[in-house]
Amino acid sequence: MSTKLIASLCPYCAVGCGLFIQVEKGKATGIKYMIDHPTCVGALCPKGNSVLELLNNQERLVYPLKRSGSDFIPISWDEALELVAQGLARNLERYGPKSLGFLVSSRCNNEENYLMQKMARLLGSPNVDNCARLCHSPTVMGLGASFGAGAMTNNLLDLENSKCIFAIGTNFTEAHPIVSRWVEKAKDNGAVVIVADPRITSTTWMADIHLRLNPGSDIDLLRGMMKVIVDEGLEDADFISSRTTGFQELKESLSVFSIEEAAEKTGLDVAEIVKAARVYAKSSASALLYSMGITQHVSGTDNVMTCATIALICGQIGRPGAGVWPMRGQNNVQGNCDVGGMPEFYPGYRRSVDPKTIEFFRAAWNATDLPLGPGLTSTDMNDAAIDGRLKALYITGEDPIVCDANVNKTRRALESLDFLVVQEIFMTPTAKMADVILPAAAWAEKSGSYTSMERRVQWIDRAIEPPGEAKEGVWIICEIARRLGLGEVMAYDNPSQVLEEIRSLVPQYKGMSQERISRVGGVLWPCPDEQHPGTEILHLQRFSTSDGRARIFDLQNTPPGEVTSPEYPILLSTGRIVLHYNGGSMTMRSPSLQERESELYVEVNPVDASNLKIAEGEMVAVKTRRGEAEARAKISDRVMSGMAFMPFHYHGTNLLTSDALDPVSRIPEYKMAACRIESRR
Ligand SMILES: Nc1nc2c(c(=O)[nH]1)N[C@H]1C(S)=C(S)[C@@H](COP(=O)(O)OP(=O)(O)OC[C@H]3O[C@@H](n4cnc5c(=O)[nH]c(N)nc54)[C@H](O)[C@@H]3O)O[C@H]1N2
Ligand SMILES: Nc1nc2c(c(=O)[nH]1)N[C@H]1C(S)=C(S)[C@@H](COP(=O)(O)OP(=O)(O)OC[C@H]3O[C@@H](n4cnc5c(=O)[nH]c(N)nc54)[C@H](O)[C@@H]3O)O[C@H]1N2
Ligand code: SF4
Ligand SMILES: [Mo]
């Protein structure tokens, strides 16, 4: 009997861990650890360890489906593709190309995403977006403005070389568990770990200094630290003068700011701020890690730029162990942004508002016309659907009915559409609203490349056939494009041909032949030619801005979109737990994960619980201005008094969250909503 081991990747988070899938008689029968993978070194977290439960899952979508009243009936691929083409063409004709929207999936590979945005733009629609809108759009905008590139500056292994790790608004031990091993290694080498988080988490347990700041006060904390740094002369004057602009303005504005003011706004002691500032500025190599605690605010982009600024004034960037690590979310969210899955950018971060970009892609794609951006973000598509500007939406591998903020509004938006198609591997709450559902091949059932958070591009080959009639995205998109008259410009026999086109248009990927990125560990972008080894550390000599200098920004905190009131006295924050993943379509179908954490809960501080007469384990109602959800109370001092926390993986949490947006990146403020908690007894 022949048993094969096929090299693959974990399909969950952007750490990009490698693993082998064991295949016997065409079936996935086991996984094996990939000990020579540079990032994971053979380790996987509980989600990575459970992936077989997905491939062999009985609930996979296996036929195309069309709506029939409140139910669905199986149809042939031919009929499904025809219906999708008609649904898009009908609205294109009646309302024009801007009435079409496309959500491309950061769970899908680069080749699928590249083709989807290409089809959208060839149809004339500028409205292409992905889930980066909901997590790291402030990074793309903010680090783009500060450094000229919105990506992780160093690789993950390099954390081992850091002497100070400053983690602000990231709970990496739960959200990116394999990163913990590199932080542990740094600690073993003497690094000091500082964690800024309003909650106690398994990440704060690793900290030497836990800055338990008030939610939404990060700019005040960072300004307080910068005040200490400048007052004590701890800034890196050489780095500032040779590699940055803007320091003078910052210095002047800090001269009228006090550490006491920072302490008051953050709720921290002056001494804690001073200590953290000294450790970060003085260490020989400091890493700044951040994630959703920084980005998911109405000040998300300003928060990111202020993180960049503290790194710049201390010269803690562009060296081994020193840099800024945005902890990206989905397995291919970096790649999706790289290949043009955002309304602001065509592939390779060519700005969609620049007529030169349009000219470039008209020639490259042999197109008569292409839309000038920026197009609608996913968050703005909801408003556009409600007020009738957006008529048809094609969603690939996203679950906005669970994951958007204020999902009652998203539901209204999807109900307002003339046509909704969802391409999925499972029947999600979003798929249930579709007119047509297309069953997709999952990661191990198709070939293609994925780009992890460290810019590591890795190609995997199909390990097994998709179940039933499920098909890979490249085939599905090409078939729809053909039916819409784009057959000549969108004809691809396989994903390898698409990779070749990506390499020809995305400069960062130019040297990435399929053969090179198929080797264990792939290649890190930018990789300008086939001899180039790839780039582990960005910005070594110059930044990616037009003049090579980074920008120092002087930014002040802005108030949150929503504050507590007598009616809604508790601040609700939301986020992740290690066992579940985003909307839960996959982890809740994995018995080994689901049985360990199976229902929605809300963490309440003991003082608040006693005032509200809430007992441990009872079901409570959580209410905000937008909705109401039931959850089991967990009484815990992991949240401070006046604050509550809910994981968002279970349906219910996002009935409550606020859809106030950051004006720059259009990300919703998932981390701040005013709520009321009521006992049901
Ligand atoms: N297990 C698991 N892993 C995942 C995911 C998952 O769903 N489950 N999702 C993936 C995705 S898409 C993403 S984007 C990443 C996100 O990964 P993370 O950003 O690490 O996850 P979160 O839990 O959303 O938020 C991180 C921390 O921010 C803190 N925080 C909240 N408000 C503030 C604030 O105002 N200031 C500061 N300093 N901190 C604050 C929270 O208490 C929380 O501990 O995880 C990825 N990995
Ligand atoms: N309250 C609250 N809400 C949040 C957040 C928060 O912190 N708090 N975080 C936000 C963040 S950072 C993010 S990224 C979003 C995530 O929002 P989404 O991207 O909508 O979440 P997922 O559940 O990961 O959805 C991906 C879908 O892709 C499907 N899928 C998996 N593989 C494939 C494939 O190969 N092909 C196809 N076609 N489909 C596939 C899965 O079944 C799943 O339904 O949630 C956001 N929502
Ligand atoms: S850390 Fe992320 S990529 Fe690695 S096994 Fe866990 S979920 Fe998968
Ligand atoms: Mo995310």
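Throughout, residues of each chain are indexed from 1 in the direction in which the sequence is written. The lettering of chains begins at A and the numbering of ligands begins at 1, in the order of writing. A pLDDT threshold of at least 70 governs which residues receive local features in this predicted model, and a stricter bar of 80 or more applies before side-chain atom pairs are shown or counted, although totals over entire chains, interfaces and linings include all residues. Think of the side-chain values as coming from all heavy atoms in the structure, minus any hydrogens and water.

Going by what an unreviewed UniProt entry lists, the chain is known as Formate dehydrogenase, alpha subunit and is assigned to Methanothrix soehngenii. Word for word, the UniProt comment on the chain under Sequence similarities (unreviewed entry) is "Belongs to the prokaryotic molybdopterin-containing oxidoreductase family." UniProt positions are given in the numbering used here, feature names are shortened, and annotations may be inferred rather than shown by experiment.

> Any details on the overall build of the chain? Residues and values, ideally.
When you go through the chain residue by residue, the secondary structure sums to 25 helices and 28 strands. The globule rule used for comparison is 2.2 Å times the number of residues to the exponent 0.38, while the radius of gyration itself is calculated over C-alpha atoms. Here the C-alpha radius of gyration of the chain, 24 Å, is about what a compact globule of 681 residues would show, namely 26 Å. The criterion used for residue contact is that any of the two residues' heavy atoms lie within 4.5 Å. Within the chain, contacts between residues separated by at least 24 positions form 74% of all contacts whose residues are at least 6 apart in sequence. Only four residue types enter the tally: Lys and Arg on the positive side, Asp and Glu on the negative side, with His and both chain ends excluded. By convention, the charge on Lys lies at NZ, on Arg at CZ, on Asp at CG and on Glu at CD. Positive and negative side-chain charges of the chain, numbering 70 and 82 respectively, have mean locations separated by a distance of 1 Å. Helix and strand labels come from DSSP, where a helix needs a run of H or I of at least four residues and a strand needs a run of E of at least two; each type is numbered from the N terminus.

> Help me get a handle on the site of ligand 1, residues and values and all.
Surveying the vicinity of ligand 1 reveals 35 residues, the closest of which are Asp197, Asp218, Ser291, Arg576 and His580. The backbone of Ala196 places a nitrogen or oxygen atom 3.1 Å from a nitrogen atom of ligand 1. The side chain of Asp197 places a nitrogen or oxygen atom 2.7 Å from an oxygen atom of ligand 1. Using the Shrake-Rupley algorithm and a 1.4 Å probe, accessible areas are obtained, with residue cover drawn only from the displayed protein chains. The fraction of the free accessible surface of ligand 1 (920 Å²) that becomes covered by protein chains is 99%. Of all elements in the fold, only helix H6 (172-175), helix H13 (292-295) and strand S23 (570-575) reach the threshold of two or more residues within the shell around ligand 1. The two domains that each donate at least three residues to the shell around ligand 1 are domain 3 (137-326) and domain 4 (570-679). Here a residue is near a molecule or strand as soon as one of its heavy atoms is found within 4 Å of it. Here a polar contact is taken to be a pair of N or O atoms separated by no more than 3.5 Å, where protein atoms must pair a possible hydrogen donor with a possible acceptor and residues adjacent in sequence count only if both atoms sit in side chains. Residue ranges assigned to each domain were obtained from an automatic or database domain assignment.

> Which residues make up unusual backbone geometry, and what values do they have?
Cis geometry is found at the peptide bond from Gly373 to Pro374, where omega equals 5 degrees. Looking at the secondary structure, you find Pro374 in the loop between helix H16 (355-365) and helix H17 (378-386). Within the chain, Asn406 stands out as a residue other than glycine whose phi angle is a positive 50 degrees. Summarising the element assignment, Asn406 is placed in the loop between helix H18 (400-403) and helix H19 (407-416). Judged by its relative accessible area of 9%, Asn406 falls in the buried class. A positive phi angle, near 65 degrees, is found at Arg455, a position not held by glycine. For Arg455, the position within the fold is in the loop between strand S19 (448-451) and strand S20 (456-460). Residue burial is assigned from relative accessible area. The probe radius is 1.4 Å, only protein chains are included, and a residue is buried under 20% of its type maximum, exposed over 50%, and partly exposed in between. By relative accessible area, which is 0% here, Arg455 ends up buried.

> I'd like a rundown of helix H4 (residues 110-122), residues and numbers included.
Expected span of a helix, by definition, is 1.5 Å for each gap between consecutive residues, and there is one gap fewer than residues. Over its 13 residues, H4 extends 18 Å from the first C-alpha to the last, a length consistent with the 18 Å expected when each residue adds 1.5 Å. The buried fraction of H4 is high, at 13 of 13 residues. Positive backbone phi, approximately 100 degrees, marks Gly124, located one or two places after H4.

> I'd like to hear about the site of ligand 2, residue by residue, with values.
The local shell around ligand 2 holds 33 residues, among which Asp399, Cys403, Glu424, Ser585 and Asn654 are the closest. Asn582 places a polar side-chain atom, nitrogen or oxygen, 3.1 Å from an oxygen atom of ligand 2. In isolation ligand 2 offers 910 Å² of accessible surface; the protein chains occlude 98% of this area. When grouped by side-chain class, the residues that make up the shell around ligand 2 number 14 nonpolar, 12 polar and 7 charged. Taken domain by domain, the makeup of the shell around ligand 2 includes at least three residues from each of domain 2 (65-134 + 332-524) and domain 4 (570-679). Residues were grouped as follows: Ala, Val, Leu, Ile, Met, Phe, Trp, Tyr, Cys and Pro as nonpolar; Asp, Glu, Lys and Arg as charged; and all remaining residues, including Gly, as polar.

> Quick one: what's the story with helix H8 (residues 218-231), residue by residue and with numbers?
Over its 14 residues, H8 runs 20 Å from end to end, which matches the ideal 20 Å to within 8%, given 1.5 Å per residue. By the criterion of burial, H8 is predominantly enclosed, with 13 of the 14 residues buried. Downstream of H8 by a residue or two, Gly233 has a phi angle that is positive, lying close to 65 degrees.

> Residues and numbers for the layout of surface pockets, please.
Only protein atoms enter the 1 Å grid used here, on which a cavity is any set of points holding a 1.4 Å probe that cannot leave and a pocket is any open set flanked by protein within 12 Å on both sides along at least five of seven lines; residues with an atom within 4 Å of a point are listed as lining. Grid points are joined across faces, edges and corners, and a volume is the space filled by probe spheres set on the points. In this model, the largest pocket occupies a volume close to 640 Å³. If you trace the largest pocket, you find 26 residues lining it, with Gly144, Gly148, Ala149, Gly150 and Tyr349 closest to the centre. Sorting elements by how many residues they give to the lining of the largest pocket places helix H5 (residues 137-147) first, with 4 residues. In the lining of the largest pocket, the residues fall into 14 nonpolar, 9 polar and 3 charged. Taken domain by domain, the makeup of the lining of the largest pocket includes at least three residues from each of domain 2 (65-134 + 332-524) and domain 3 (137-326). The computed volume of the second largest pocket comes to approximately 200 Å³. Lining the second largest pocket we find 14 residues, and of these Lys27, Leu55, Asn56, Ile464 and Pro467 sit closest to its centre. Grouping the amino acids of the lining of the second largest pocket by side-chain chemistry returns 6 nonpolar, 4 polar and 4 charged.

> I'd like a description of the pairing of strand S26 (residues 628-635), backed by residues and values.
Within a regular strand, the side chains alternate between the two sheet faces. Sheet analysis places strand S24 (residues 601-604) next to S26, joined by 4 bridges and oriented parallel. Along S26, the bridge assignment pairs Glu603 with Lys634. Between any two strands, at least two bridges found by DSSP are needed for them to pair. Of the pairings in the sheet, the one linking strand S25 (residues 619-623) to S26 comprises 5 bridges and is antiparallel in character. Residue pairing in the sheet places Val620 in a bridge with Ala631 of S26. Where S25 folds back onto S26 in an antiparallel hairpin, the turn is made up of 4 residues.

> An account of the pattern of salt bridges is needed here, citing residue identities and associated values.
Here a salt bridge means any side-chain nitrogen of Lys or Arg lying within 4 Å of a carboxyl oxygen belonging to Asp or Glu. One pass over the structure, following the stated rule, counts 39 salt bridges. The salt bridge partner of Lys623 is Glu678, with a shortest N-O separation of 2.8 Å. In this pair, Lys623 is assigned in strand S25 and Glu678 in strand S28 (residues 673-679), connecting sequence segments 55 residues apart. Take Lys623: its relative accessible area is 18%, and that puts it in the buried class. Overall, Glu678 belongs to the partly exposed group, its relative accessible area being 28%. Residues joined by salt bridges that share partners form a network here, namely Asp78, Glu82, Glu479, Arg482 and Arg483.

> Explain the domain arrangement of the chain residue by residue, including any values.
By domain assignment, the chain separates into domain 1 (3-55), domain 2 (65-134 + 332-524), domain 3 (137-326) and domain 4 (570-679). Once you take the C-alpha centre of each, domain 2 and domain 3 turn out to be 35 Å apart. Note on terms: buried area is the combined drop in 1.4 Å-probe accessible area of two parts once they are placed together, counting the loss on both. With both sides pooled, the region where domain 2 packs onto domain 3 buries about 1000 Å², and carbon together with sulfur makes up 61% of that total. It is Met453, Glu454 and Arg455 that lose the most area in domain 2 upon contact with domain 3, and together they represent 50% of the buried surface on that side. The tally of links from domain 2 across to domain 3 stands at 0 salt bridges. For the pair domain 2 and domain 3, the number of links is 6 residue pairs in polar contact (both at pLDDT 80 or more).

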